Amino acid sequence: MPVGLILLSAVPVIAGAARVAQLTGGGPVTPDNARFFASPAPVVVHIVSVTLYSLLGAFQFSPGFRRRRPGWHRIAGRLLVPCGLAAALSGLWMTLFYPRPPADHVLLTPMRLVFGSAMVACIALGFAAIRRRDITRHRAWMARGYAIGLGAGSQALTHLPWILLVGQPTGLTRALLMLAGWVINLAVVEWALRRRPARPTRTVATLTDARVGSLAHQEI
């Protein structure tokens, strides 16, 4: 699982590294990247946070790795939550305040706002769930947030057949191919969550009930 997720992240991670190198190295300014040179901080924050989120987050989905290194999941999670929020919020900032590139269809703006906001909500709900010791809901919400964050990787795959068969997509076609990347990721996550056998939800209430039952049994 981690290897597959890292491979899926490879294209956006490499593209992001190239973008940072371009910004820091004084690359040529074009109509497509002028907004990044005019205000580089948000895009640098976005690229760095997404890179950490996608690569470190991949190992959170390996049960064997979690069993062998039980402390890793908690330590990485404390880093992944702020990275995921930084990635989503910087993406929302760029959508709202960067000028829309000529190649972007007008529908991409509401799409990015919806999925960026959904990513923030999923991470917040996952964090709230683990604070309540609700492991099942924590895993589900964090998986959904990661799926949205990994949308750029799947978008590279949805674009590839079109590029090979037709050419570079533009306008509405490009917007729909990007939408397909997010939808595919979320569909796979929902399928995996429903395929996994249901486990009892460990909450504070259930732990309290278990302790009360144990005490009652001892008294009997």
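Above this text you will find the structure in question.
Anyway, here's the lowdown on the structure attached to this text. This is a predicted model, so every value here is computed, not measured.

It is worth spelling out a nonpolar patch on the surface at this point. A cluster of nonpolar residues, L160, W162, L164, L165 and V166, forms a patch on the protein surface that exposes about 570 Å² of accessible area. Residue L160 is classed as partly exposed on the basis of its relative accessible area of 42%.

If you walk through the whole model with that rule in mind, you get seven aromatic pairs. For the pair F59 and W72, a centre-to-centre distance of 6.3 Å together with 80 degrees between the ring planes defines the contact as edge-to-face. Placement of F59 in the loop between α3 (40-58) and α4 (63-68) and of W72 in helix α5 (residues 70-97) is noted, with a sequence separation of 13 residues between them. Judged by relative accessible area, which is 26%, W72 ranks as partly exposed. For the pair F61 and Y146, a centre-to-centre distance of 5.0 Å together with 45 degrees between the ring planes defines the contact as tilted. With F61 in the loop between α3 and α4 and Y146 in helix α7 (residues 135-149), the pair connects residues that are 85 residues apart, well separated along the chain. With relative accessibility at 26%, the residue F61 sits in the partly exposed group.

Taking 1.5 Å as the rise per residue, helix α8 (residues 151-165) with 15 residues should run 21 Å; its terminal C-alpha atoms sit 22 Å apart, in good agreement. Where α8 bends most, at H159, the angle is about 25 degrees, and the proline P161 comes one to four residues later. Looking at α8, one finds that the buried residues are G151, G153, S154, Q155, T158 and H159. Buried residues along α8 sit in contact with α1 (2-24), α7 and α9 (171-195). At the C-terminal side of α8, G167 shows a positive phi close to 130 degrees.

The subject of this paragraph is the nonpolar core. In terms of nonpolar packing, the biggest core is built from 22 residues, with Y53, M119, I123, Y146 and I148 touching the most fellow members. At the level of elements, α3, α5, α6 (108-131), α7 and α9 are the ones that each hand at least two residues to this core. I123 has contacts with Y53, V81, G84, L85 and M142, leaving out every residue within four places of it along the chain. Ranked by size, the runner-up nonpolar core spans six residues in total, among them L23, F36, I47 and M94.

One pass over the structure, following the stated rule, counts one cavity of 30 Å³ or more. Taken as a whole, the largest cavity holds about 40 Å³ of empty space. Along its surface, the largest cavity is lined by S9, P12, V13, V50, S54, G149, L150, A152 and G153. Within the residue set of the lining of the largest cavity, elements represented by two or more residues are α1, α3 and α8. When residues in the lining of the largest cavity are grouped by element, the largest group, three residues, is from α1. For the lining of the largest cavity, a count of residues per class yields five nonpolar, four polar and no charged.

Analysis parameters
Residues numbered from 1 in each chain as written. Predicted model: local features only at pLDDT ≥ 70, side-chain atom pairs only at ≥ 80, totals over all residues. Heavy atoms only, no water. Patch = residues over 30% accessible without salt bridge, like charges linked within 9 Å, V, L, I, M, F, W, Y side chains within 5 Å. Areas by Shrake-Rupley, 256 points an atom, 1.4 Å probe, with all protein chains shown as cover. Salt bridge = Lys/Arg side-chain N within 4 Å of Asp/Glu carboxyl O. Buried < 20%, exposed > 50% of the residue type's maximum accessible area, 1.4 Å probe, protein only. Phe/Tyr/Trp six-rings, centres within 6.5 Å; stacked < 30°, edge-to-face > 60°. Helix = DSSP H or I, 4+ residues; strand = E, 2+ residues; numbered from the N terminus. Expected span 1.5 Å × (residues − 1). Bend = angle between axes of the 7 residues up to and from the residue. Contact = heavy atoms within 4.5 Å. Core = buried A, V, L, I, M, F, W, Y, C linked by side-chain atoms within 4.5 Å. 1 Å grid on protein atoms, 1.4 Å probe; cavity = no way out; pocket = protein on both sides within 12 Å on 5 of 7 lines; lining within 4 Å. Points joined across faces, edges and corners; volume = space filled by probe spheres on them. Nonpolar A, V, L, I, M, F, W, Y, C, P; charged D, E, K, R; others polar.

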